[in-house]
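If you want the building blocks of each chain, they are given just below.
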Amino acid sequence: MLKLRLFRVRNALVRECMAEFLGTFILLLFGCSAAAQVKTSRETKGQFLSVNLAFSVGVMSAMYLTKGITGAHLNPAVSLSFCVLGQVPWGRLVPYCLSQLLGAYVASGLVYLVYYDAIMEFSGGVLTVYGPNETASIFATYPSEYMSLGGSFLDQVVGTAMLMLCILCLGEKRNTPAPSELIPPIVAVIVLGISMSMSANCGAAINPARDLGPRLFTLTAGWGTEVFTCYNYWFWVPLVAPPVGGVLGTFMYLIFIHWHLPDPDPPENLSTPSTISDKIKQPATTWENGVELKVAHL
């Protein structure tokens, strides 16, 4: 046991970045593997719903795996929203986002290796973004032919706003909080609902790392610069719109719900109660409160 402790990372930021890397890796490995299976089998081994379910299972698995360390953000839009709330220091934002991006990139590479033969057989060895044998959509998201840039941007803003609006209430003790151990499957169901109802237009990325990591991989793996130039340089939409939507959903929750919840009853043995609002305004510094914040981060 003593020998194993020698391998324990002592730097808190490094530990948290490792967790975000691994969690996002798991999320993308499940989701993109399902997309590869459905695409290369020409929907004989799964359908569109299979991909939605796989991403949801990936969310749940990644959260159970890493939520005790960072709360399992797995998404730069989520990390940004918690920074806005004051629950995560702003200095954590860039390291978290880079870790999530790297996790998505590495997962895409592993999916490519696992499904290499199937991808090559399906595409005839020609890696393209357009046409009936395109395979770029296995990894990153792309809009439907009828979508405009403005419509795509709105689609991603709405999807991410709904994600944040629905998950922020799960740890609210003044409302109807979910049991901590059940938060991962609940979040997975929320993601599944968004995917099943809002993915026809643009693939429901609602996560900049989920889209940019695989897109960068396809750029380096042979699909070329077309993955960035296609559809009138559409790639920036799933990068910019989800953070906007995440912050919008966060403020919707604060304005419509959080600020109107009843004050908690003061504990009998304490003269100054600690409320959820206090925790949002001031990041916790004690071990006890740290655990509470990790649960709140989802």
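Residues numbered from 1 in each chain as written. Predicted model: local features only at pLDDT ≥ 70, side-chain atom pairs only at ≥ 80, totals over all residues. Heavy atoms only, no water.

Under an unreviewed UniProt entry, the name given to the protein chain is Aquaporin 10a, and the source organism is Seriola lalandi dorsalis. Quoted verbatim from the Subcellular location (unreviewed entry) field of the UniProt record, the comment on the protein chain reads "Membrane". In its Sequence similarities (unreviewed entry) section, the UniProt record describing the protein chain reads: "Belongs to the MIP/aquaporin (TC 1.A.8) family." (UniProt positions renumbered as here; feature names shortened; annotations may be inferred.)

Q: Go over the UniProt feature "transmembrane region" (unreviewed entry) in the protein chain with me, naming the residues and quoting the values.
A: Per the UniProt entry, the sites bearing "transmembrane region" (unreviewed entry) are residues 46-65, 93-115, 153-170 and 233-256 in this numbering. Taken end to end, residues 93-115 is 96% helix and 0% strand, and its two terminal C-alpha atoms sit 33 Å from one another. Annotated as residues 153-170, this span is 83% helix and 0% strand, and its ends, taken at the C-alpha atoms, are 27 Å apart. (Helix = DSSP H or I, 4+ residues; strand = E, 2+ residues; numbered from the N terminus.)

Q: Quick rundown of the packing of aromatic side chains? Include the residues and the values.
A: Under the criterion given, the structure shown has 11 aromatic pairs. Taking 5.8 Å as the distance between ring centres and 70 degrees as the angle between the ring planes, the aromatic pair formed by Tyr112 and Trp223 counts as edge-to-face. Placement of Tyr112 in helix α5 (residues 93-114) and of Trp223 in helix α9 (residues 208-223) is noted, with a sequence separation of 111 residues between them. Cation over ring: Arg215 sits above Tyr142, and NZ or CZ is 4.7 Å from the ring centre. (Phe/Tyr/Trp six-rings, centres within 6.5 Å; stacked < 30°, edge-to-face > 60°. Lys NZ or Arg CZ within 6 Å of the ring centre and 35° of its normal.)

Q: Before we move on, can you summarise the packing of α5 against α9 with the specific residues and values?
A: Across the interface, α5 lies against α9 with an axial gap of 8 Å and an inter-helix angle of 45 degrees. When the axes of α5 and α9 are compared, the pair comes out oblique. For the pair α5 and α9, the crossing hand works out as right-handed. On α9, the residues touching Gln100, Leu101, Ala104, Tyr105, Ser108, Gly109 and Tyr112 of α5 are Ala209, Leu212, Gly213, Pro214, Leu216, Phe217, Thr220, Ala221 and Trp223. Tallied by class, the residues present in the contact of α5 with α9 amount to 11 nonpolar, five polar and no charged. (Axes fitted to C-alpha atoms, helices over the stretch in contact; angles between N-to-C directions. Parallel < 35°, antiparallel > 145°, perpendicular 65-115°, else oblique. Left-handed = near helix turned anticlockwise from the far one by under 90°. Contact = heavy atoms within 4.5 Å. Nonpolar A, V, L, I, M, F, W, Y, C, P; charged D, E, K, R; others polar.)

Q: Can you explain a nonpolar patch on the surface? Please cite residues and give values.
A: Residues Val84, Trp90, Phe251, Ile255, Phe256, Ile257 and Trp259 make up a contiguous nonpolar surface patch of roughly 740 Å² in combined accessible area. At three residues, helix α11 (residues 237-256) tops the list of elements feeding residues into the nonpolar patch. A relative accessible area of 52% places Trp90 in the exposed class. (Patch = residues over 30% accessible without salt bridge, like charges linked within 9 Å, V, L, I, M, F, W, Y side chains within 5 Å. Areas by Shrake-Rupley, 256 points an atom, 1.4 Å probe, with all protein chains shown as cover. Salt bridge = Lys/Arg side-chain N within 4 Å of Asp/Glu carboxyl O. Buried < 20%, exposed > 50% of the residue type's maximum accessible area, 1.4 Å probe, protein only.)

Q: Hey, could you go over the nonpolar core for me, with residue numbers and the actual values?
A: If you look at the biggest cluster of nonpolar residues, it comprises 57 residues, and the most contacted ones within it are Phe139, Leu163 and Val187. It is helix α2 (residues 12-40) that contributes the most residues to this core, eight residues altogether. Among the nonpolar cores identified, the runner-up in size contains six residues, and Met147, Trp234, Val237 and Ala241 belong to it. (Core = buried A, V, L, I, M, F, W, Y, C linked by side-chain atoms within 4.5 Å.)

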